[in-house]
Amino acid sequence: MKNTNKKFILLLSFVSIFVFNSCDPFEDTYITLSMDTEFNAAGIGPNISVTNNFCLSQFDDYNNNKDKLEEIKYITSAYFTIYATQGLHGKNLTITLYQADGSTELLKFIVPTFIANDYVDKPLKINLTDQEIRNLNAYLLNPKNDKCFVAKFEVSNVQPSLTPYQLNSKVEFLTELKVKP
């Protein structure tokens, strides 16, 4: 009898472990959505100023899961130089992100000195304040509504200013999509 009880308890233990640790097909799924926008500038002027518009609907991960989205949350962001004329640098790199209206600021990131080639193989992490993260997450509420953004990239006192320069870069905003089964 003791042997039967031990086998029963052992079997019950295995079943419990399997049930509580198995994959639940009804659990939410999380997908990382990389929203990126490119900034391309060429010129000889003392300043760079490029503005881009983008929307969630431009990204396949959003479109493929739009009907099942429960939440979108900001994770992190970074700046990358794709290509830059050798020696291109300037002052006050400013990256600003607005809501679709172009006037409601969500975040503003400033670096006092900008050397374009420093970020070719090493991205510049965009550090946001807690308030800016709250602003972004509040804007991303109601994830089934396509949200649009205006991104602005600026650099002042660009050198070399007497010869033509070219800058191709991008900013990437990582978000987490919570998708219901």
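Residues numbered from 1 in each chain as written. Predicted model: local features only at pLDDT ≥ 70, side-chain atom pairs only at ≥ 80, totals over all residues. Heavy atoms only, no water.

Enquirer: Before we go on, may I ask you to explain the environment of F114 in this structure?
Expert: Here F114 shows up in strand β5 (residues 105-115). Relative accessible area serves as the criterion here: at 1%, F114 is assigned to the buried category. Considering only alpha carbons, one finds F114 and S156, 42 residues apart in sequence, at a separation of 9.2 Å. (Helix = DSSP H or I, 4+ residues; strand = E, 2+ residues; numbered from the N terminus. Buried < 20%, exposed > 50% of the residue type's maximum accessible area, 1.4 Å probe, protein only.)

Enquirer: Before we go on, may I ask you to explain the sheet that holds strand β3 (residues 69-84) in this structure?
Expert: Backbone-to-backbone hydrogen bonds join strands into a sheet, with any given pair of strands oriented parallel or antiparallel. Taken together, the four strands give an open sheet; going across it, the order is β1-β8-β3-β6, and neighbouring strands pair in antiparallel fashion. Edge positions in the open sheet fall to β1 (29-43) and β6 (124-125), since each of these has one partner strand only. Summarising the sheet, β3 and β6 pair through two bridges and their orientation is antiparallel. Each bridged residue has a counterpart across the sheet, and for Y79 the counterpart in β6 is L124. (Pairing = 2+ DSSP bridges.)

Enquirer: Mind showing me how you'd approach the packing of aromatic side chains here?
Expert: Here a ring pair, both rings aromatic, is described through the centre-centre distance and the interplanar angle of the planes. Counted under the stated rule, the structure contains 10 aromatic pairs. Taking 5.6 Å as the distance between ring centres and 15° as the angle between the ring planes, the aromatic pair formed by Y79 and F153 counts as stacked. With Y79 in strand β3 and F153 in strand β7 (residues 148-159), this residue pair connects regions lying 74 residues apart in the sequence. Exposure remark for F153: the relative accessible area of 0% places this residue in the buried category. Aromatic pair F114 and Y119: ring centres 6.2 Å apart, planes at 20°, arrangement stacked. Note on Y119: relative accessible area 12%, which makes it buried. Above the ring of Y139, the side-chain terminus of K147 is found at 5.9 Å from the ring centroid. For K170, the ring lying beneath its charged end belongs to F80, and the centroid distance is 5.4 Å. (Phe/Tyr/Trp six-rings, centres within 6.5 Å; stacked < 30°, edge-to-face > 60°. Lys NZ or Arg CZ within 6 Å of the ring centre and 35° of its normal.)

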